[in-house]
Amino acid sequence: MSFGAKQVLFDVNIEAPAQSVYAFIGPSGCGKTTLLRCINRMNDLTPSFRLTGEIRVNGDSVYEMKTDRQARELRRRIGMIFQRPMPLRMSVMRNMLFPYREHYQADKKKAAELAVEKLRLVGLYDEVKERLDAPAGSLSGGQQQRLCIARALMLDTGLLLLDEPCSALDPVSTFQIEDLLMKLKQTHTIIMVTHNMEQARRISDRTAFFYQGRVVESGATLQVFFQPEHELTQKYVQGII
């Protein structure tokens, strides 16, 4: 994978098992987020971006989806949560209904019922049930992030991509997000970029360590952290590099 003449990822070959949390760790600028954004083709928005090889989601080759309809279908199946919460500038309920109305035709009652179901799933409904018509921006940072996850779940999403979802949150909100991800992995595949080593150890099933554009080591999280095969991995998880 490259941007113009600059190659940023080399010989990446990993597989994320279904219904698990896969953590990408490594120093800033080593290619973690670039790979994450390749999965739902967000890097396509940069004209100089080039990719060789393939990425498959449930057996379907992502970069063979050429039409707008195929790309739309891809993004419906993949939810993306960013480092900072990104609620739309509208009410809590309209945030929830917006993606559903964009992709499906359904009556308002059914859509509203689904929105309440997803807000309950992320543990947010009881906190906002009296504020569904309030601006989403009036919620706390942690509430906004859970709202963004609930909004992604309004679609038939089987894969969730998270780019440092807790880096802007306080410890309590971080715990709430981590607890939510542990529940969601029962039904979803989750790939997460994190610089928080403790977080990766706590909630991920598998971990890939990136360094200077390459995957140095990947495998079961406990093995990567406590019995790494590569000295570079050991130094990183011990905080030496």
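Going by the structure above, here's the rest.
I will try to describe carefully the structure that is included in this document. (Residues numbered from 1 in each chain as written. Predicted model: local features only at pLDDT ≥ 70, side-chain atom pairs only at ≥ 80, totals over all residues. Heavy atoms only, no water.)

**Examining the sheet that holds strand E4 (residues 49-50)**
What the three strands build is an open sheet, ordered E2-E1-E4; its pairing is antiparallel. Sheet topology places strand E2 (6-7) and E4 at the edges, where each strand pairs with a single neighbour. As paired strands, strand E1 (residues 2-3) and E4 are joined by two bridges and run antiparallel to one another. Note that in E4 the partner of Ser-2 across the bridge is Arg-50. (Pairing = 2+ DSSP bridges. Helix = DSSP H or I, 4+ residues; strand = E, 2+ residues; numbered from the N terminus.)

**Considerations on the packing of helix H6 (residues 141-152) against helix H7 (residues 171-184)**
The contact between H6 and H7 brings their axes to 9 Å, and the two run at 20°. Compared by their axis directions, H6 and H7 come out roughly parallel. Crossing angle aside, the handedness with which H6 passes H7 is right-handed. Facing H6, whose interface residues are Gly-142, Gln-145, Arg-146 and Ile-149, H7 presents Ser-173, Gln-176, Ile-177, Leu-180 and Leu-184. (Axes fitted to C-alpha atoms, helices over the stretch in contact; angles between N-to-C directions. Parallel < 35°, antiparallel > 145°, perpendicular 65-115°, else oblique. Left-handed = near helix turned anticlockwise from the far one by under 90°. Contact = heavy atoms within 4.5 Å.)

**Digging into the sheet that holds strand E11 (residues 214-220)**
The sheet built from six strands is open, its strands ordered E7-E8-E9-E3-E10-E11 with mixed pairing. In this open sheet, the two strands that pair with only one neighbour each are strand E7 (78-81) and E11. In this sheet, adjacent strand axes meet at a mean angle of 15° when their direction is disregarded. When strand E3 (residues 21-25) meets strand E9 (residues 189-193), the two strands line up parallel, connected through four bridges. Within E9, the position partnered with Ala-23 by the bridge is Met-192. Across the sheet, helix H1 (residues 32-39) touches E3, E7, strand E8 (159-163), E9 and strand E10 (206-211), and the angle it forms with E8 is around 150°. Across the sheet, H7 is in contact with E3, E8 and E9; its angle to E9 comes to roughly 145°.

**Here we look at unusual backbone geometry**
Phi angles above zero are rare outside glycine, and Asn-58 is one such case at about 55°. With respect to the helices and strands, the residue Asn-58 is situated in the loop between strand E5 (56-57) and strand E6 (60-61). Judged by its relative accessible area of 72%, Asn-58 is exposed. At Glu-164, a position not held by glycine, the phi torsion is positive, near 50°. One can find Glu-164 in the loop between E8 and H7. (Buried < 20%, exposed > 50% of the residue type's maximum accessible area, 1.4 Å probe, protein only.)

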